[in-house]
Amino acid sequence: MSVAHHRRAHEGAIHTARWNDPAHRGDGTRILVCRYRPRGVRHEDETWDEWIKDVSPSPELLHAFRGKDQAALGVPMFRRRYRTEMQAEPARSQVRALAERVAAGETITLLCSSSCTDEHRCHRTMLRELLLEQTGG
């Protein structure tokens, strides 16, 4: 068995969902990756194990993507700007730490907003792609 194959056999998985989607047995650690904590959710009703807001888009990028006070960014530009933001600290360290956890065998589920219904336009999917690139997945 090659070293690469052996290493992959021990890697965890990376799933994505919205924070209000029902939990599944294989979710592993559920990590909220929103800039802002969901309003009105009591701490005892949280559906996530951790909250890492540093891997979410900056408030400025979110406003630009949603078209607040300007023309809305398209997905390709949002993706480029999000990736650029993830190369700066503290996001860079957080992304690296998440990739290391997955490479060590942990399964994680990246959770985003309940209103984020199109996962292909959502940063949780873009973050998953970044993590897969770092883990060789």
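Reading the values: rules and limits
- Residues numbered from 1 in each chain as written.
- Predicted model: local features only at pLDDT ≥ 70, side-chain atom pairs only at ≥ 80, totals over all residues.
- Heavy atoms only, no water.
- Helix = DSSP H or I, 4+ residues; strand = E, 2+ residues; numbered from the N terminus.
- Rg over C-alpha atoms; globule rule 2.2 N^0.38 Å.
- Buried < 20%, exposed > 50% of the residue type's maximum accessible area, 1.4 Å probe, protein only.
- Areas by Shrake-Rupley, 256 points an atom, 1.4 Å probe, with all protein chains shown as cover.
- Lys, Arg positive; Asp, Glu negative; His and termini not counted.
- Charge placed at Lys NZ, Arg CZ, Asp CG, Glu CD.
- Contact = heavy atoms within 4.5 Å.
- Core = buried A, V, L, I, M, F, W, Y, C linked by side-chain atoms within 4.5 Å.
- Axes fitted to C-alpha atoms, helices over the stretch in contact; angles between N-to-C directions.
- Parallel < 35°, antiparallel > 145°, perpendicular 65-115°, else oblique.
- Left-handed = near helix turned anticlockwise from the far one by under 90°.
- Nonpolar A, V, L, I, M, F, W, Y, C, P; charged D, E, K, R; others polar.
- pLDDT = per-residue confidence, 0-100.

**Some words on the overall build of the protein**
Right, so step 1: A tally of regular secondary structure across the protein gives five helices and four strands.
Right, so step 2: Tracing the protein from N to C terminus, the helices and strands come up as α-β-β-β-α-α-α-β-α.
Right, so step 3: Computed over its C-alpha atoms, the radius of gyration of the protein comes to 15 Å, within 12% of the 14 Å expected for a compact globule of 137 residues.
Right, so step 4: Summarising its shape, the C-alpha atoms of the protein cover approximately 55 × 35 × 25 Å along the three principal directions.
Right, so step 5: Relative to its 137 residues, the protein shows a buried fraction of 35%.
Right, so step 6: Entry remark: accessible area of the protein is about 8,000 Å², with carbon and sulfur atoms responsible for 50%.
Right, so step 7: Separation between the mean location of the 22 positive side-chain charges and that of the 19 negative ones in the protein comes to 3 Å.

**Considerations on the side chain of Thr 109**
Right, so step 1: Assignment of secondary structure puts Thr 109 in strand β4 (residues 108-112).
Right, so step 2: Not counting chain neighbours up to four residues away, the residues in contact with Thr 109 comprise His 15, Thr 16, Ala 17, Asp 27, Thr 29, Arg 30 and Ile 31.

**Quick word on the nonpolar core**
As a rule of thumb, nonpolar side chains are buried together in soluble globular proteins.
Right, so step 1: Of all hydrophobic cores here, the largest spans 23 residues; its most connected members are Val 55, Ile 108, Leu 127 and Leu 131.
Right, so step 2: Put simply, the parts of the chain that give this core at least two residues each are α2 (59-66), α3 (75-85), α4 (91-103), β4 and α5 (123-135).
Right, so step 3: When residues in this core are grouped by element, the largest group, five residues, is from α4.
Right, so step 4: Not counting chain neighbours up to four residues away, the residues in contact with Leu 131 comprise Ile 14, Val 95, Leu 98, Ala 99, Ile 108 and Leu 110.
Right, so step 5: Grouped together as the second largest cluster of nonpolar side chains are 10 residues, Leu 32, Val 41, Leu 111 and Cys 122 included.

**Quick notes on the packing of α4 against α5**
Right, so step 1: Following both chains from N to C, one finds α4 and α5 inclined at 60 degrees, their axes separated by 9 Å at the closest point. As far as their axial angle goes, α5 and α4 are oblique. Helix-helix and strand crossings are classified by hand; for α4 and α5 the assignment is right-handed. Where α4 abuts α5, its residues Val 95, Arg 96, Leu 98, Ala 99, Val 102 and Ala 103 lie against Leu 127, Leu 131, Gln 134 and Thr 135.
Right, so step 2: Its residues assigned to classes, the contact of α4 with α5 shows seven nonpolar, two polar and one charged.

**Details of the confidence of the model for the protein**
Right, so step 1: On average, residues of the protein score 89 in pLDDT, and 93% of them are at 70 or above.
Right, so step 2: In the model of the protein, helix α1 (residues 3-9) stands out as the element of lowest mean pLDDT, 39, in contrast to strand β2 (residues 29-32), which has the highest, 98.
Right, so step 3: Contacts for the low-pLDDT stretch residues 1-9, under 50 throughout, to residues beyond four places or in other chains number four contacts.

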